Amino acid sequence: MYKISRPETIDERRLKEINIYEYTDLEKLQEIVEYGIGTNDLLTRRGRPSLINDVMTVDIETTTVKAGTGINHTEYPFAFPYCYSIYIFGSSWILRYDHEFSDFIEALEEHLLCYGAAIVAYVHNLSFEYQFFKSRIPIDFHKVFALQSRRIGKFETERHGIEFRCSYLLSNMNLEKFTENYCTEEYRKDKELIDYEITRYPWDELSSEILYYSAMDVITLYHAVKEIMHRENDTVRTIPLTNTGYVRRSCRNACLGDNTSNYKSENGKKTYGTFKRYRGMIEKCMPTYEQYQCLVAAFRGGNTHANRMRSGMFIEDVSSFDFASSYPAAIVAYDGFPMGKLMDCTKSLKTPADITRYCSRYWVVIHAVFKDLKLRDPAHTACPYIPISKIRREWGYDDNNQFRPKAGRADNGRLMDQEGYTEFTFLSCEWDIIRKQYTGQIYVIEAYYTITGYLPDALRKQCFEWYKAKTELKNIDGMEYEYLKSKNRVNAIFGMMVEKVVKNIVHVDGHGNISETKPTREQAQQQLDEYIKPRSRKFLLYQWGVTITAICRVRHMEIIEMFGHDYIYGDTDSVKATNAERYRKAVQEYNDVWIRYASQGSVPITAYTKEGELQQLGFLDEEPKAHARRFSTLGAKKYAYEDDKGKLHITIAGVPKSQGAAMLGKLDNFRPGYKFTVGDSAPLKDRQAWKKMLTYRDDLDEVINVDGHDLHLRSCIAIERTEYTLDITDEYAALINYGDNIFEEDPEIWN
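Here, residues in each chain are numbered from 1, in the same order as that chain's written sequence. Given that this is a predicted model, residues contribute local features only at a pLDDT of at least 70 and side-chain atom pairs are listed and counted only at 80 or more, while totals for whole chains, interfaces and linings are drawn from all residues. No hydrogens and no water enter the side-chain calculation; it runs on all heavy atoms of the structure.

Asker: Whenever I open this one, the state of the cysteines confuses me. Can you help?
Answerer: In protein chemistry, a disulfide is the covalent bond that joins the sulfur atoms of two cysteines. When two cysteine sulfur atoms are found within 2.5 Å, that pair is recorded as a disulfide. Throughout the structure, instances matching the rule amount to 0 disulfides. The cysteine Cys183 is free of any disulfide, with Cys166 supplying the nearest cysteine sulfur at 17 Å. To sort residues, take the accessible area from a 1.4 Å probe on protein chains only and compare it with the maximum for the residue type: under 20% means buried, over 50% means exposed, and anything in between is partly exposed. On the accessibility criterion, Cys183 (8% relative accessible area) is buried.

If you want it as structure tokens, here you go:
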């Protein structure tokens, strides 16, 4: 054991000294385990080792070697660990070699199982570490729980003495933010000062600064996890796997209560009756396999699009209007959710008039085929509604005898016209937009309808309570945690509601490699059947989540239509437009209509800040701080602007905002072909924060000799900085006449 002191570069409020155990201290592990078991509760589990009501934390530091450089003579990069950090029962460990870590895990598991105990180990971003661990420690690959092929929730070691979980999924924050929100100053993680692009080997001597950082990573993580357990009154058995689990638990308890079987008392009968009625509604409304497939096809995200007639220009005086909590507003106030059993109405929808009649009376999901679909008035349709990504086009042979989709035109991923037949699935609330924007023949393949209504009161009230708390507690001293919790949960409730019922089948082979396949019809039906079993305590319907995004897109399209040609860009709950003064009265009238509509429900929509300022769910408000002196966009998720103080801002998918803006330098550089890149000579903080490319090496297994040392290369993730080139497709360039029409827009043209 040795002692490391806090480096001078570290905040003096952090830990002053840390005692470090190393590989030669492994014999002391038994004593440490005995202490931990003696000072913590054991939570029994049927047929399995009892869980110690404490956690350990693990982290690794790795080196990436680029392809064709240094010791890497191959065409692919590889990586290897050079430092393993562990914190368990108050002891800090730093191990250097793979075999040291493997021996530690084996010894720890042996000591734990002697007492019939097991422990939970948290890793911040377990998906990364798993790629290294799967070939370095014994894992029971039948116990790997993967949300996706490269997204790991948890796994167990081969003897089931250690269960690894992901603290990033638990917190939904990076480690620095997690410790800032949950730890005292002594246990907070500082910004990284270590250059991880320097090649380090397991046999290299590490500086005291690196050792301190490595130890603090696991110490601070431990205290953050313990604090969130304390604040939420959880044990290692009850703590959710993901941050959304907190939202799901609160909403489940609000909707179902906690009594699923008590008939003995009058109160018991009442609470059980609540559970029984709610579960009966879920079972009655649960979609069949065919209905569920229609719902999946109908689901879309937010409405994000740029006005192609203003794209590529540099536009002055652009205002921004935002909906206040758009998704929570729909959850609380919208009365058009599907609240009954889905019934077939395919044969009743023979004409557009039939569709209009049903859509005006019921909630309907429609899978239809259109023939020769095209915009009625392309010149005045700034935001075509139907996305290319959600349609199926007719295929045929072209003039070159190539089999491909029939010809059509798109506006940055939105359909303008399409020759031949096009399949598309939509909801009743979207029908008015489609029939107003497009012309063409329609034939309904499949359609289901039901009665409409509000979501269950318990769900709506829970959502509003979080919104109210977020509003009232903002900037109040001593209430930071409650504010943070309510803010995170009101934002996460939508994500909970759109979780798919039928998921891909995840396969883990004998080497820990993970793949996904789409479920067969039988497997999908089995998942649907499992969902509605009472013991699952499910309380949500997938059609509710599909409806939330649809109604929010409809509201967003209403605002785009209101601004007409002055609409520049829109994204989910915001719209950017010129000549704002022309529309402020219309915006006020729109808000008046919304408030009258939303106030009719049994759940309120208003809350007050600590200054007494009224805040209303779903209210469309102008955002002065987002006003742009000059603005330019090149399509969805690609825009930049100068604010009123001349500061440059960018939003480009895949480019860090602050770094990207500094790199762009000025708005006039926002043009196709501009390359965002961080070179090797850039400052450390810029290189660390820049966009990374991950290379997965699953089957790597070879030994190379480096300076007389054997280095065993195994499965890994190599991390390299990458670059981003601002670009548009040739089709979009032709559509917006880019290259012919690059000019400063004269506002007088449109007056």
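After that view, the rundown keeps rolling.
Asker: Is there a simple way to explain the packing of helix H16 (residues 542-563) against helix H17 (residues 584-598) in this structure?
Answerer: Packed helix pairs are specified by the crossing angle of their axes together with the interaxial distance, meaning the distance between the axes. Inter-axis angles, ranging from 0 to 180 degrees, are taken between N-to-C directions of lines fitted to C-alpha atoms, where helices are fitted over the stretch in contact. The numbering of helices and of strands both runs from the N terminus, where a helix is a DSSP run of H or I of at least 4 residues and a strand a run of E of at least 2. Look at H16 against H17: their axes get within 11 Å of each other, and the N-to-C directions meet at 155°. Considering the angle they form, H16 stands roughly antiparallel to H17. For the pair H16 and H17, the crossing hand works out as right-handed. Of H17, the residues touching H16 (which contributes Arg555, Glu558, Ile559, Met562 and Phe563) are Ala586, Val587, Tyr590 and Trp594. Under this scheme an angle from 65 to 115 degrees is roughly perpendicular, one under 35 degrees roughly parallel, and one over 145 degrees roughly antiparallel; angles in between are oblique. Should the near helix be turned anticlockwise from the far one by less than a right angle, the crossing is left-handed, and should it be turned clockwise, the crossing is right-handed. Should any heavy atoms of two residues lie within 4.5 Å, those residues are counted as being in contact.

Asker: Would you take a moment to explain helix H11 (residues 352-361) for this structure?
Answerer: Side chains of residues three or four places apart in an α-helix project in the same direction, reflecting 3.6 residues per turn. Within the span of H11, buried status applies to Asp354, Ile355, Tyr358 and Cys359. Summarising the axial view, the buried residues of H11 lie within an arc of 125°, below the 170-degree limit, and thus occupy one face. Away from the buried face of H11 by more than 90 degrees, exposed residues Ser360 and Arg361 are located. Those residues of H11 hidden inside the fold are in contact with strand E15 (363-375), helix H12 (431-437) and strand E21 (438-450). An arc is given here, and it is the one of the directions from the helix axis to the C-beta atoms.

Asker: I would appreciate a short explanation of the pairing of E21 in the present structure.
Answerer: Two faces belong to every sheet, and in a regular strand the side chains alternate between them. A pair of strands is labelled paired if DSSP reports no fewer than 2 bridges between them. Here 2 bridges tie strand E14 (residues 343-344) to E21, and the two strands are oriented antiparallel to one another. What sits directly across from Asp344, in E21, is Tyr448.

Asker: Got a minute to help me understand the side chain of Asp217 in this structure?
Answerer: Along the chain, the position of Asp217 falls in helix H6 (residues 208-231). The exposure class of Asp217 is buried, given its relative accessible area of 6%. Two N or O atoms count as a polar contact when they lie within 3.5 Å, although within protein this holds only if one can serve as hydrogen donor and the other as acceptor, and sequence-adjacent residues are included solely when both atoms are side-chain atoms. One polar contact links Asp217 to Lys189, side chain to side chain, over a distance of 2.7 Å. With sequence-adjacent residues up to four places away left out, Asp217 is seen in contact with Asp59, Glu61, Leu175, Lys189 and Glu192.

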